[in-house]
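# Tertiary structure, described
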Amino acid sequence: MSQRNTVVRSLHDLGLAAWFGGSLMGAVGLNGAAAEADNPRERLTLSSAGWARWAPLNAAAIAAHVYGGLGLIAGNEARLKKQPETQTNTAVKTVVTGVAVLSTAYSGLLGRKVAKLADEGTHGVTEPRAGASTKLKRAQRRLRTFQWVTPALTGVLLVLSAQQGEQQRPVAGLLRRR
């Protein structure tokens with residue numbers, strides 16, 4: 001019997017796409033463009049304002065992805081019981097999703113720290129200027145790394161989702177004709 005999971009699959013996939021795309025665009029586009037502002041004090045303010053506008057949508061995207069993922073697990077319970085490779089993929093996706101959520105939250109925390117110190121001015125959004133406070137330098141150094149962690153992790157989730165889709169083919173086990 002065919003069971004469709006269109007709504008939860010759409011929530012899962014669209015949430016992940018927005019999460020991945022938003023984090024990558026923010027690191028490349030928003031932070032890159034803000035770093036070009038003429039006034040060094042505006043650079044962090046502009047970047048922080050953009051990230052603050054994105055944060056509620058990003059939270060909704062993450063929630064949609066997680067809700068959709070839970071719905072897919074529930075809807076594919078029989079498949080999960082019969083396909084060890086799907087069990088492994090699901091376990092890995094769960095761990096990577098958790099780490100990506102933590103990375104996103106930590107990046108947001110760092111971004112708020114940087115925003116509070118925006119008056120110090122900066123060379124770039126994640127590159128401190130000479131003479132910046134230790135707090136700002138530390139937060140920017142960490143943010144320089146973490147701005148890439150979330151897109152990398154969500155990119156891995158996209159690949160794992162594609163792999164899981166391939167595991168649904170009849171030759172993957174559950175639907176194999178004997």
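Residues numbered from 1 in each chain as written. Predicted model: local features only at pLDDT ≥ 70, side-chain atom pairs only at ≥ 80, totals over all residues. Heavy atoms only, no water.

## What to know about helix H1 (residues 6–34)
We count it as follows: Put simply, DSSP H or I for four residues or longer makes a helix, DSSP E for two residues or longer makes a strand, and each gets a number counted from the N terminus. Expected span of a helix, by definition, is 1.5 Å for each gap between consecutive residues, and there is one gap fewer than residues. To obtain the bend at a residue, axes are fitted to the seven residues ending there and to the seven starting there, and the angle between these axes is taken. Throughout this description, buried means an accessible area under 20% of the type-specific maximum (1.4 Å probe, protein chains only), exposed means over 50%, and partly exposed covers the range between. Any two residues whose heavy atoms approach within 4.5 Å at even a single point are treated as in contact.
Its 29 residues place the ends of H1 39 Å apart at the C-alpha level, agreeing with the 42 Å of an ideal helix rising 1.5 Å per residue. Taking the largest bend as the criterion, H1 deviates by roughly 40°, centred on Gly 26. Regarding H1, the residues found buried are Val 8, His 12, Gly 15, Leu 16, Trp 19, Gly 22, Ser 23, Gly 26, Ala 27, Leu 30, Asn 31 and Ala 34. Against helix H2 (40–75), helix H4 (84–116) and helix H5 (134–166) lie the buried residues of H1.

## Things to note about the environment of Lys 116
Tracing the chain through its elements places Lys 116 in helix H4. Placed 71 residues apart in sequence, Lys 116 and Thr 45 show a C-alpha to C-alpha distance of 9.0 Å.

## Topic: the packing of H1 against H2
Cut-off, in case you're wondering: The axes are straight lines fitted to the C-alpha atoms, using for helices just the contacting stretch, and the angles between their N-to-C directions are given from 0 to 180°. Angle categories are assigned with fixed cut-offs, so that under 35 degrees is roughly parallel, over 145 is roughly antiparallel, 65 to 115 is roughly perpendicular, and the rest are oblique. Crossing handedness is defined as follows: a turn of the near helix away from the far one that is anticlockwise and smaller than a right angle gives a left-handed crossing, while the clockwise case is right-handed. Residue type decides the class: Asp, Glu, Lys and Arg count as charged, Ala, Val, Leu, Ile, Met, Phe, Trp, Tyr, Cys and Pro as nonpolar, and the leftover types, Gly among them, as polar.
Where H1 contacts H2, the axes come no closer than 7 Å and their chain directions differ by 165°. One finds that H1 runs roughly antiparallel with respect to H2. In this structure, H1 meets H2 at a crossing whose hand is left-handed. Considering only residue class, the contact of H1 with H2 consists of 16 nonpolar, 13 polar and two charged.

Read these as geometric descriptors, not functional statements.
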